[in-house]
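Listed below, chain by chain, are the residues.
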Amino acid sequence: NNVFTNDIKEVIINEEEIKQRIEELGKEITNIYNDDDDIVMLCILRGAILFMADLAREIDLPVVFDFMDVSSYGASTESSGVVRIIKDMEENIEGRHLLIVEDIIDTGRTLKHVIDMLQTRNPKSIKVVTLLDKPERRVKKEIDADFNGFEIPDEFVVGYGLDFAEKYRNLSFIGVLKEKLYI
Ligand code: PRP
Ligand code: MN
Ligand code: MG
């Protein structure tokens, strides 16, 4: 109904499906920790911002919020392979449970880089929750999420935090961008 959503070829996960799956993930995550665990939820900016906000409200445990700004794509649909830490997290995670929150695992390079770096700070545990997973794209084979919202095929998706050249993050669904917009 407007120019912005006309850029989308197909909605692959709608708002209601996202909401329902996040409720399930919240319950799963709540169940694997103990009530007195010290948990730091780490949002990987910028893509995971909406997922973090919605997921946190479905986790029935006290959690601390932190943020790390990591970028590998720039203004392209292909990961550059060079992962840059633009802003590190603030919390000291030694001896604490770390829950990394990602919007998507594609090649796995971003997550590999973040996990390798944070492992050296001796957290009590590291777990990863991702909304989307593209398993067929994985170059870092050893990288996987502990909790995964949806497995999706190898198509360039935007919305609900995911961007193309910083646009489309504020769509409330996950959609496939029309090819003519990026080819
Ligand atoms: C995207 C996405 C993940 C990462 C996944 O972030 O949000 O963080 O790429 O790709 P990978 O598994 O191939 O590393 P991006 O670098 O585009 O930054 P953004 O979150 O600010 O959009
Ligand atoms: Mn990201
Ligand atoms: Mg991006």
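Residues numbered from 1 in each chain as written. Chains lettered and ligands numbered in written order. Predicted model: local features only at pLDDT ≥ 70, side-chain atom pairs only at ≥ 80, totals over all residues.

This next bit is on the UniProt feature "coiled-coil region" (unreviewed entry) in the protein. Under the feature "coiled-coil region" (unreviewed entry), the UniProt entry names residues 8-35. For residues 8-35, helix accounts for 64% and strand for 21%, while the C-alpha atoms at its two ends are 42 Å apart. (UniProt positions renumbered as here; feature names shortened; annotations may be inferred. Helix = DSSP H or I, 4+ residues; strand = E, 2+ residues; numbered from the N terminus.)

With respect to the secondary-structure elements, I104 resides in strand β5 (residues 97-105). When the 24 C-beta atoms within 10 Å are taken as the criterion, I104 is described as buried. Considering only alpha carbons, one finds I104 and N122, 18 residues apart in sequence, at a separation of 25 Å. (Buried ≥ 20, exposed ≤ 12 C-beta atoms within 10 Å, placed from the backbone.)

Glancing now at the confidence of the model for the protein. Model confidence for the protein is summarised by a mean pLDDT of 93, while 94% of its residues fall at 70 or above. If you check the scores for this complex, the pTM reads 0.95 and the ipTM reads 0.97. (pLDDT = per-residue confidence, 0-100.)

Before going further, it helps to examine the pairing of β5. In terms of residue burial, β5 counts as a mostly covered element, since nine of its nine residues are buried. As paired strands, strand β2 (residues 39-45) and β5 are joined by five bridges and run parallel to one another. Across the sheet, C43 pairs through a bridge with V101, a residue of β5. As judged from the eight bridges shared by β5 and strand β6 (residues 125-133), these two strands associate in the parallel manner. Opposite I105, over in β6, you have D133 as the bridge partner. (Pairing = 2+ DSSP bridges.)

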